[in-house]
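# Architecture at a glance
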Amino acid sequence: MLRGKTIKLICKTWSALLLLLLSHMAHAVSTIEISVESVDSPVGQLKDAKFHVDLKGKKPKLKLSAAVKPQNEPNFMPFKLSCGTLFSEQVGYIDCFDGQLESEIIQAPFSLHIAKLRDQFSLDVLFNGADFSDAAGLHAGDGLIGDLQLTAKRAGALWQWDGKLSWDQGEVFWQPYYFGDAGNVLEAKGAFTEELIKVEEASLKVKTVGEIKAAAQINTKTKVLEDVKVSAKDVDFNGLYTLVLKPKLERSAFGNLLVSGKANWQFEMQQLQPTSFELNLENANIQDQNGKFSFKQMNAHIPWDYDVPQNISLDYASGFLLDMPLGKTKLNAEVNRYALTAPTLTLPVFNGALNFKEVSAAWLGENWFWHLRMNLTPVDLNQFSKALGWPEMKGQISGEVPLVTYANKQLNMDGAMTFNMFNGKVGMNNLRIDDPLGVVPKLYADLTVRNLDLGELTRTYSFGAIEGQLDGDVKDLVLENWKVVQFDASLETNENEQRKKISQRAVENIASLGGQGTAAALQRTFLRFFDEFNYEKIGISCQLRQDVCNMGGVASTEGGYIIVKGSGIPAVNVNGYTKKVSLSDLIARIKRITDRNTEVIVE
């Protein structure tokens, strides 16, 4: 790639030869030819340089060919530079028209004006359709049209300078960034000595983003960027995200967002170490196009200082997270260097709230480490089931979440998570999430169901009545990108002494889980005269692998499995005959339960 050191080496050689040319042009010289075998400099090497100037005729011409090797680069790079028309009316001024810079990776037509007086220097370069591309394809430009202006004036050992770079047309790809919208302008001014370069004031106007201002100081001996200050006001958040943030976040959960609003930010660095930062968002909207989260009317004040602890705040009017709607929220925390703490954080959901406690996070070794505890205040189960696309339920759900830790892109739960619902408990154990903020997170867990009141459960939606208590286990649950890919699940009524009754409607619905043709209609037998039946046990199981459930019940039969095992008089058995069924089909059967499109086999 034609990097900064290459350009600097070419410019130094070009300047020296131009000075020599100017001195010859002051005399009656018609042709100049110079050959240089090699040149060494702190920025690299130049060899096999051939410099030819033809001053005869109305259009003097210049040609330069050589090979350059910047410092720390393994190979020499041949290049050619020419001026179709070389013009100079007086000593110190020179124009190069129809110029061309050529190498294996760059084709750059240009025009050049140089003015070199005793204590002043000015340069104006017009690029007209420059193209470049490296062998790896990581850096490329096409049809670049722009103007570079630079002036410098010396006062003793100090040079004052100012410059302007306008990019009017063309597109640039510089891995991972793509700049396809020209119309950007960089203006800067400052001073330099032999030991120090100062950028006293710089302004970068980026189309679709806004204006960014900066100041910096560079030590030319150590090549260290000693002091940097950057600030931007009223920046378009969408332009900033699309141009700068998205390429860096492409392989994360934040790589496919729709954003809007305004952003103000500033940061300072000393000796390449950050010392302060501040980001403010105003009425920003953030929506994940993959449907994982959304935040509306977000306002944020996020300051940071290396030495002084800062208080940060964030609020939004509404949103959702993994299909859970979020209510109006305001969050506050303290950030102390690379650590963040908050005694409590409350996240309203479903007319209840997730309450986070003992929140602590730290950035160490370019990775996040954090832990927290959480409890769920009663949440409306009707809203919860609707949001997750489950059959509509009624009641409330609450629970406790033990210590949760995140380290090395992995989330783990220390202990069992328990939720109270339907007069029983649902627990989660062995929770682990790999790369939860990545493109394809993976979740592993085991679930337990104990003493769920089937009467409470079946009354919540149009299923039919069942009396009894339900136990169950879901082992080796695996989700990829929040979609179920594996589990071993079983649900059975427990052996507690209680009334065990099941309604005719519930029998029909349970039978439908066994698949089409698993049951004959109750109304075809004398059992149609009974509203409810006795049962000994109800159970169903599913071993999911590759989107196929291997189905089972409380016992096996020659042709299938028993879902409901009857007892006493009147009694009813419900058998299932479809042993293998796709998960999507099973879910569809559950949804069809409320449509009453079911048949049943009665024995």
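Keep in mind that this is a model prediction, so the values were computed, not measured. (Residues numbered from 1 in each chain as written. Predicted model: local features only at pLDDT ≥ 70, side-chain atom pairs only at ≥ 80, totals over all residues. Heavy atoms only, no water.)

## Concerning the overall build of the protein
For the record, the criterion: Helical segments are the DSSP runs of H or I of at least four residues, strand segments are the runs of E of at least two, and each set is numbered from the N terminus. Between buried and exposed lies partly exposed: a residue is buried under 20% and exposed over 50% of the maximum accessible area for its type, with that area taken using a 1.4 Å probe on protein chains only. Any two residues whose heavy atoms approach within 4.5 Å are treated as being in contact. The protein chains shown are the only cover counted for residues, whose accessible areas, like all others here, come from Shrake-Rupley with a 1.4 Å probe.
Along its length, the protein carries six helices and 38 strands. The buried share of the protein, reckoned over its 603 residues, is 40%. Within the protein, counting contacts between residues at least 6 apart in sequence, those at least 24 apart form 47% of the total. For the protein, the accessible surface area stands at approximately 32,500 Å², while carbon and sulfur atoms represent 54% of it.

## As for the state of the cysteines
Keep this limit in mind: Cysteine sulfur pairs qualify as disulfides if the two atoms are within 2.5 Å.
Applying the stated criterion across every chain, the model contains two disulfides. A disulfide bridge connects Cys83 with Cys96, and the sulfur atoms are separated by 1.8 Å. Taking the torsion about the S-S bond as the criterion, the Cys83 to Cys96 disulfide, at about -110 degrees, is left-handed. Highlighted residues: Cys83 in strand β4 (residues 77-87) and Cys96 in strand β5 (residues 93-103), separated in sequence by 13 residues. With respect to class, Cys83 is no different from Cys96; both count as buried. Here Cys542 is linked by a disulfide to Cys549, with a sulfur-sulfur distance of 1.7 Å. Here the disulfide of Cys542 and Cys549 is left-handed, its torsion about the S-S bond being about -65 degrees. In this structure, Cys542 and Cys549 share a single accessibility class: buried.

## Looking at the pattern of salt bridges
Test applied: A pair is scored as a salt bridge if a Lys or Arg side-chain nitrogen falls within 4 Å of a carboxyl oxygen belonging to Asp or Glu.
Counting across every chain of the model gives eleven salt bridges. In this structure, Arg154 engages Asp119 in a salt bridge whose closest nitrogen and oxygen atoms are separated by 2.9 Å. On the criterion of sequence distance, the pair formed by Arg154 in strand β8 (residues 139-155) and Asp119 in the loop between β6 (106-116) and β7 (120-133) is long-range, its members being 35 residues apart. Arg154 gets classed as partly exposed once you look at its relative accessible area, which sits at 36%. On the accessibility criterion, Asp119 (29% relative accessible area) is partly exposed. We note a salt bridge from Arg432 to Asp434, for which the minimum N-O separation is 3.1 Å. Each member of the salt-bridge network shares a partner with another, and the members are Glu492, Glu495 and Lys537.

## Considering the pairing of strand β18 (residues 310-316)
Convention followed: Two strands are said to pair when DSSP picks up at least two bridges between them.
Bridge count between strand β17 (residues 293-305) and β18: three bridges; the pairing is antiparallel. Bridging across to β18, Ala300 finds its partner in Leu314. Connecting β17 to the antiparallel partner β18 that follows it, the hairpin turn spans four residues. As paired strands, β18 and strand β21 (residues 329-336) are joined by seven bridges and run antiparallel to one another. Looking at the pairing, Leu314 lines up with Leu331 of β21.

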